[in-house]
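Given next are the chains, with one letter for each unit.
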Amino acid sequence: MNLLLQDILTSYSLPTIIIAIIVCSASLTLNKFFNRLPKTIKVYIPFLMAIVLYFLYDMIFVINDFTFRSETLYAGIFSGSISAIINSTITKLLQGKPINTNTTILLIEDILRGYIDQKVLSKTASEIENLLLFNTDDDLTQKNIVALLTEITSELSQMDICNLAKLIIVAVSSIKKQ
């Protein structure tokens, strides 16, 4: 836990961490008090909120102009990914589970939480991480993730599974680029 927290605090900029903490707090509040929201909204809200907050930060403090840059989009996705990692860490701590995984698995677990049974969540996240590590073609990786998620869950439509696979690929690649 200390190593994970130390890695996050020393590797990323202060605005990124602050936005990630704000988004994580909002996400935890949303999950606690608005538990009837659709799972899809719960998964995408942190990323959208982080993009908006990073855009506001960029607009007010960095460029002093109402311009949306591609760097802002990537930084927002990155902040959303960090907030998902923090959220997953907090959730595991509250459940009394050990945090003996890396940040990629924590991120994937947070995205898939609620869609996949808790018993196979860590195993599925590890399998998806392996797919992401050994495949360089994003289309092939997405197809493999879709096939894996289709085997595990039957309650999701094919479109939802494809969207989850895309989100996983984008979120994981955002933390790998930093």
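The shown structure was predicted, so the numbers you read here are calculated from the model rather than taken from an experiment. The numbering scheme is per chain: residues are counted from 1 as the chain's sequence reads. In view of the model being predicted, local features appear only for residues whose pLDDT reaches at least 70, and side-chain atom pairs are presented and counted only at 80 or more, with totals across whole chains, interfaces and linings using the full set of residues. Remark: hydrogens and water are excluded; side-chain values derive from all non-hydrogen atoms of the structure.

*Asks:* Kindly report on the pattern of salt bridges, identifying the contributing residues and their values.
*Replies:* Two side chains that carry opposite charge are able to pair once their charged atoms sit near each other. We define a salt bridge as a contact between a side-chain nitrogen of Lys or Arg and a carboxyl oxygen of Asp or Glu at a distance within 4 Å. Scanning the entire structure with this criterion turns up five salt bridges. Between Lys92 and Glu109 there is a salt bridge, with the nearest N and O atoms lying 3.4 Å from each other. Taken as a pair, Lys92 in helix α4 (residues 70-95) and Glu109 in helix α5 (residues 103-112) lie far apart in primary sequence, 17 residues in all. In this pair, the class of Lys92 matches that of Glu109, namely buried. The shortest N-O distance in the salt bridge between Lys123 and Glu127 comes to 3.5 Å. Taken as a pair, Lys123 and Glu127 lie in helix α6 (residues 118-134) at a separation of four residues, close to a single helical turn. Three exposure classes are used, based on accessible area relative to the maximum for each residue type with a 1.4 Å probe and protein chains only: buried under 20%, partly exposed in between, and exposed over 50%. Taking the relative accessible area as the measure of exposure, Lys123 reaches 56% and is therefore exposed. Ionic contacts of the salt-bridge type, sharing partners, join the residues Asp58, Arg69 and Glu71 into one network. Numbering of helices and strands runs from the N terminus, with a helix taken as a DSSP run of H or I at least four residues long and a strand as a DSSP run of E at least two residues long.

*Asks:* Please give an account of the environment of Ile85 that cites residues and values.
*Replies:* Mapped onto the secondary structure, Ile85 falls in helix α4. A C-alpha to C-alpha distance of 7.0 Å links Ile85 and Asp110, two positions 25 residues apart in sequence.

*Asks:* Describe the side chain of Thr104, naming the residues involved and giving the relevant values.
*Replies:* Inspection of the secondary structure puts Thr104 in helix α5. Here a residue-residue contact requires only that any non-hydrogen atoms of the pair lie within 4.5 Å. If near-sequence neighbours (up to four positions away) are discounted, Thr104 is found in contact with Glu129, Val172, Ile175 and Lys176.

*Asks:* An account of helix α7 (residues 138-152) is requested, with residue identities and associated values reported.
*Replies:* The first and last C-alpha atoms of α7 sit 21 Å apart over 15 residues, in line with the 21 Å expected at 1.5 Å per residue. Those residues of α7 not exposed but buried are Thr141, Gln142, Ile145, Val146, Leu148 and Leu149. On an axial view of α7, the arc spanned by its buried residues comes to 165°, and they lie on one face. Exposed positions of α7 whose direction lies more than 90 degrees from the buried face are Asp139, Lys143 and Glu151. By this rule, a helix spans an expected 1.5 Å times one less than how many residues it contains. The arc in question is the one spanned by the directions pointing from the helix axis to the C-beta atoms.

*Asks:* Go over the packing of aromatic side chains with me, naming the residues and quoting the values.
*Replies:* Ring pairs shown here join Phe, Tyr and Trp side chains whose ring centres sit within 6.5 Å, with only the six-membered ring taken for Trp; geometry is labelled stacked below 30 degrees between planes, edge-to-face above 60, and tilted in between. Counted by the stated rule, this structure contains two aromatic pairs. Each ring, one from Tyr54 and one from Tyr57, has its centre 5.5 Å from the other, and the planes form 70°; the classification is edge-to-face. Taken as a pair, Tyr54 and Tyr57 lie in helix α3 (residues 39-62) at a separation of three residues, close to a single helical turn. On the basis of relative accessible area, Tyr54 is assigned to the buried category, the value being 12%. The partly exposed category is assigned to Tyr57, whose relative accessible area is 25%. For the ring pair Tyr57 and Phe61, a centre distance of 5.7 Å and an interplane angle of 40° mean the geometry is tilted. Pair noted here: Tyr57 and Phe61 are both in helix α3, with a separation of four residues, about one helical turn. Through a chain of ring-to-ring contacts, three or more aromatic side chains come together here, namely Tyr54, Tyr57 and Phe61.

Keep in mind these values describe shape, not function.
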